[in-house]
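Here is what each chain is made of, one letter per residue.
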Amino acid sequence: MTDNNLYDVGIIGGGLAGLSLAIQCADANYKVVIFEKEEYPFHKVCGEYISLESWNHLESLGLPLQEWNLPIFKKLTLSDVNGHLYHFNLPLGGFGISRYKLDFALYELAIKKGVTFFTNTKVNDVDFVDEQFKIQCSNGNIHVQLAAGSFGKRSNLDVKWNRPFIQQKPSKLENYIGVKYHIKYNHAIDEIALHNFKNGYCGMSKIEEDTSCLCYLTTAKNLQQSGNSIEQMEQEILYKNPVLKNIFSNAAFIYKQPLVISQVSFSPKNQIENHVLLLGDAAGMITPLCGNGMSMALHSSVIAFDKMNCFLQKKITRHQMELAFTEAWQQQFKWRLQIGRLVQRVFGNNLSTTLFLKLMKALPFLARIIIRSTHGKSF
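Residues numbered from 1 in each chain as written. Predicted model: local features only at pLDDT ≥ 70, side-chain atom pairs only at ≥ 80, totals over all residues. Heavy atoms only, no water.

A. Up close: the pattern of salt bridges. Applying the stated criterion across every chain, the model contains 10 salt bridges. The closest approach of N and O atoms between Arg163 and Asp158, which form a salt bridge, is 2.7 Å. (Salt bridge = Lys/Arg side-chain N within 4 Å of Asp/Glu carboxyl O.)

Set out below in structure tokens:
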């Protein structure tokens, strides 16, 4: 690999946002390269729920969603830390699919459309010099006209760039861990459930092949107080919610060990760093209890492609592109993230969770407003 390689678009991270952006760019006949630290297919810590607002976009990329016969969710069930259940309708609804299946299908589509992939490849730095980027990776250097970052919740580049959320002292909103299992468990196919426990909550919903995703988020403090043992934490803390105790006791677990991610932050983030456009969780993460991070990642790729396309066609300058992208991103997602952080502070507490759920049940219009505020319109 030499410095003479020149691409129109370089994408760091091959998750939903990166793959979606790559396919859109390839369809517009741009030369695209993606750097991904893993090898496809692979699992990710994720709730694996997608709002139906993303359905049309995924089909436009070339995915045969109808043929896959995926579970469609129209109902939401919530439990407080004591296991009391509350039932709501989902105004827009969503569907379930594993990241293993979805990301791999998008990867195969991108390959067919001519996107170049460097998998098992770590990006060490990105330099912007003379209106081009030099992406320094474990295989060498690549030059691109435009660079996009779709590297998830936290990466070595966040540390390298000394991003503001990295500098913050750990607090309740900056120090979470996520744990995911795939399980076999008999529950409603049209329902997504969210069960609270002390300082955390656990989501469960069907994905493909009658399998379910069981994914929970909790504080690092909970894990530390349980001797840094996932199993001990589940038994001592999650099991206090009888609904969760029943699930964990009776489900058939497919993974030998859970997937775990640490140092999850919900702090606000910038959408541009060193002239790199940031997408998905790299630009700002919505709390999983709002269940819409995957749709936000996909939608952010649509916003980015629109602005990048105008730049590559020389209709706008780089500065104009960056301003337009930031403004459009903020307009689309800022309110959702603020609502998510607000609701996040309520859940996982014995008293506030119960009072909040009772209020939502007593005032259905309030429940509809909160749920709708964390979802967007079809794109």
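B. Representation of the side chain of Ser98 within the structure. Structurally, the position occupied by Ser98 is in the loop between β5 (85-96) and α4 (99-112). One polar contact links Ser98 to Glu208, side chain to side chain, over a distance of 2.5 Å. Apart from residues no more than four positions distant in its own chain, Ser98 is found in contact with Glu48, His182, Ile207 and Glu208. (Helix = DSSP H or I, 4+ residues; strand = E, 2+ residues; numbered from the N terminus. Polar contact = N/O pair within 3.5 Å; in protein donor to acceptor, adjacent residues only side chain to side chain. Contact = heavy atoms within 4.5 Å.)

C. Quick peek at helix α1 (residues 16-27). The terminal C-alpha atoms of α1, which comprises 12 residues, lie 17 Å apart, in line with the 16 Å expected from a rise of 1.5 Å per residue. Most of α1 sits out of view: 11 of its 12 residues are buried. Turning to α1, its buried residues are Leu16, Ala17, Gly18, Leu19, Ser20, Leu21, Ala22, Ile23, Gln24, Cys25 and Ala26. Where α1 terminates, the next one or two residues include Asn29, which has phi positive at roughly 70 degrees. (Expected span 1.5 Å × (residues − 1). Buried < 20%, exposed > 50% of the residue type's maximum accessible area, 1.4 Å probe, protein only.)

D. Layout of the pairing of strand β13 (residues 212-219). By the criterion of burial, β13 is predominantly enclosed, with 8 of the 8 residues buried. Residue alternation in β13 divides its side chains into two sets, Ser212, Leu214, Tyr216 and Thr218 and Cys213, Cys215, Leu217 and Thr219, and both sets are buried. Bridge analysis of strand β10 (residues 176-184) against β13 gives 8 bridges, and the strand direction is antiparallel. Residue pairing across strands places Ile183 opposite Ser212, the latter belonging to β13. As paired strands, strand β12 (residues 200-206) and β13 are joined by 7 bridges and run antiparallel to one another. By the bridge assignment for β13, Cys202 is matched with Tyr216. Count of turn residues in the β12/β13 antiparallel hairpin: 5 residues, of which Glu209 carries a positive phi of about 60 degrees. (Pairing = 2+ DSSP bridges.)

E. Local environment of the pairing of strand β2 (residues 32-35). Residue alternation in β2 divides its side chains into two sets, Val32 and Ile34 and Val33 and Phe35, and both sets are buried. Bridge count for strand β1 (residues 6-12) against β2 is 4 bridges, and the pairing is parallel. Its bridge partner being in β2, Ile11 is matched across the sheet by Ile34. Taken together, β1, α1 and β2 form a β-α-β motif whose crossover is right-handed. Note that β2 and strand β6 (residues 116-118) share 3 bridges and pair parallel. Its bridge partner being in β6, Phe35 is matched across the sheet by Phe118. (Right-handed = clockwise from strand over helix to strand, strands pointing away.)

F. Examining the packing of α1 against α4 more closely. Close contact between α1 and α4 brings their axes to 9 Å; oriented N to C, the two are set at 25 degrees. With respect to their mutual orientation, α1 and α4 come out roughly parallel. Considering only the axes of α1 and α4, their crossing is left-handed. Two secondary-structure elements touch here, α1 through Leu16, Leu19 and Ile23 and α4 through Arg99, Leu102, Asp103, Leu106, Tyr107, Leu109 and Ala110. Here the contact of α1 with α4 is built from residues that sort into 8 nonpolar, no polar and 2 charged. (Axes fitted to C-alpha atoms, helices over the stretch in contact; angles between N-to-C directions. Parallel < 35°, antiparallel > 145°, perpendicular 65-115°, else oblique. Left-handed = near helix turned anticlockwise from the far one by under 90°. Nonpolar A, V, L, I, M, F, W, Y, C, P; charged D, E, K, R; others polar.)

G. Focus on the environment of Ser301. Mapping Ser301 onto the fold places it in helix α10 (residues 293-312). In this structure the C-alpha to C-alpha distance between Ser301 and Ile23, which are 278 residues apart in sequence, comes to 10.0 Å. Non-local contacts of Ser301, meaning those with residues more than four positions away in its chain, are made with Ala17, Ser20, Leu21, Gln24, His57 and Leu279. A polar contact is formed between the side chain of Ser301 and the side chain of Ser20, at a distance of 2.6 Å.

H. Empty space enclosed by the protein, seen in detail. Within this structure, the stated rule accounts for 1 cavity of 30 Å³ or more. One number sums up the size of the largest cavity: a volume of about 30 Å³. Around the largest cavity, the lining residues are Gly280, Asp281, Gly284, Met285, Ile286, Gly293, Met296 and Ala297. (1 Å grid on protein atoms, 1.4 Å probe; cavity = no way out; pocket = protein on both sides within 12 Å on 5 of 7 lines; lining within 4 Å. Points joined across faces, edges and corners; volume = space filled by probe spheres on them.)

I. Here's a closer look at the packing of α1 against α10. Two numbers describe how α1 lies on α10: the axes approach to 8 Å, and their chain directions differ by 35 degrees. In terms of crossing hand, the pair formed by α1 and α10 is right-handed. Packed against α1, whose contacting residues are Leu16, Ala17, Ser20, Leu21, Gln24 and Cys25, the element α10 presents Met294, Ala297, Leu298, Ser300, Ser301, Val302, Ala304, Phe305 and Met308 at the interface.

J. Broad picture of α10. Between its terminal C-alpha atoms α10 stretches 28 Å, which fits the 28 Å expected from 20 residues at 1.5 Å a residue. By the criterion of burial, α10 is predominantly enclosed, with 16 of the 20 residues buried. Directly beyond the C-terminal end of α10, a positive phi value near 65 degrees is found at Lys314.

K. Summary view of the side chain of Glu234. In this fold, Glu234 is placed in helix α8 (residues 230-236). Reaching out from Glu234, the side chain makes a polar contact with the side chain of Tyr181 at a distance of 2.6 Å. Sequence-distant contacts of Glu234, defined by excluding residues within four places in its chain, comprise Val179, Tyr181, Tyr216, Tyr239 and Phe248.

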